[in-house]
Amino acid sequence: MTADSKIFVGLKSTRKKTTTRTEPSGPKCHWDGCERIGHHRAPVGQEGEGLFFIFCLEHVKEYNKGYNYSSALSSPEVARYQKEAAVGGRRSLGSVFTQPEEAPLPSTARSGSAKTINARKSAERVQAHKVELQKRKLRVLEARAFETLGLSEDATPEEIRRRYKERLKQLHPDANNGSRASEAQLKASIEAHKLLKLNGFC
């Protein structure tokens, strides 16, 4: 006997299906006077870590609107947090810009041109020479040249050039009504400047 036999045609189950409607279960909403089921947790607050209220969707929204998330913080801390949040936690005022004393070295990145590489090498050489001059003790003629110009041994190149120009103006015969009395001092100042320039002091 097969399933499509005439005997089975027209046979129907006489058992009626019963639809049982289950009521939603769960904890009741903690909001005063609300009878709905609560599915959403909300923190109790300060000194209640790990404890939660249970609210329905409508009342959890209402609770969150009035919840104070910074009750544990003092007002200066809250103000500092608000300020940092507004500017991104960075100082925007009072930054000091200092002009570099020396010209910056050319970029270390290879640009592909020989000019940049050579400029880098020569700048490094000049800096190394300056450091070496500062470290080593002055020779007798160098010390005498500083003394002739009336400068200290740690004078900067700018100070040396300024003093040399002043000496030229003071000791030149044209500035002394043609008097040749200061000619020896003028010659000594020129020689002193020449010596300091040759040795890289200016």
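Residues numbered from 1 in each chain as written. Predicted model: local features only at pLDDT ≥ 70, side-chain atom pairs only at ≥ 80, totals over all residues. Heavy atoms only, no water.

Glancing now at the overall build of the protein chain. A count of helical and extended segments in the protein chain gives 6 helices and 2 strands. In sequence order, the secondary structure elements of the protein chain are arranged as β-β-α-α-α-α-α-α. Within the protein chain, the fraction of its 202 residues that count as buried is 17%. The contacts in the protein chain between residues at least 6 apart in sequence include a share of 35% that link residues at least 24 apart. Of the roughly 17300 Å² of accessible surface on the protein chain, 53% is carried by carbon and sulfur atoms. (Helix = DSSP H or I, 4+ residues; strand = E, 2+ residues; numbered from the N terminus. Buried < 20%, exposed > 50% of the residue type's maximum accessible area, 1.4 Å probe, protein only. Contact = heavy atoms within 4.5 Å. Areas by Shrake-Rupley, 256 points an atom, 1.4 Å probe, with all protein chains shown as cover.)

Another aspect to go through is the environment of Cys-29. With respect to the helices and strands, Cys-29 occurs in the segment before β1 (40-43). For Cys-29, a relative accessible area of 6% translates into the label buried. Between the C-alpha atom of Cys-29 and that of Cys-56, which follows or precedes it by 27 residues, the distance is 5.7 Å. The contacts of Cys-29, once residues within four sequence positions are left out, are Cys-34, Arg-36, Ile-37, Gly-38, Ile-54, Phe-55, Cys-56 and His-59.

What follows deals with the confidence of the model for the protein chain. Summing up the model confidence of the protein chain, the mean pLDDT is 75 and the portion of residues at 70 or higher is 66%. No element of the protein chain has a lower mean pLDDT than helix α2 (residues 75-87), which averages 70, and none a higher one than helix α5 (residues 157-171), which averages 89. (pLDDT = per-residue confidence, 0-100.)

Bringing the pattern of salt bridges into the picture now. Summed over all chains, the structure comprises 5 salt bridges. For the salt bridge of Glu-35 with Lys-28, the shortest nitrogen-to-oxygen distance reads 3.1 Å. Overall, the relative accessible area of 44% leaves Lys-28 in the partly exposed class. Two residues, Arg-161 and Glu-158, come together in a salt bridge whose shortest N-O distance is 3.6 Å. Taken together, the positions of Arg-161 and Glu-158, both in helix α5 and 3 residues apart, correspond to about one turn of that helix. Assessed through its relative accessible area of 35%, Arg-161 is described here as partly exposed. (Salt bridge = Lys/Arg side-chain N within 4 Å of Asp/Glu carboxyl O.)

Turning our attention to the nonpolar core. The biggest cluster of nonpolar side chains holds 10 residues, and these are Leu-138, Ala-145, Phe-146, Leu-149, Leu-151, Ala-155, Ile-160, Ala-192, Leu-196 and Phe-201. If you list the elements that add at least two residues to this core, you get α4 (140-149) and α6 (183-198). Leave out the neighbours within four places in its chain, and Leu-138 touches Ala-143, Phe-146, Glu-153 and Phe-201. Of all hydrophobic cores here, the second largest spans 7 residues; its members include Cys-34, Cys-56, Val-60 and Tyr-63. (Core = buried A, V, L, I, M, F, W, Y, C linked by side-chain atoms within 4.5 Å.)

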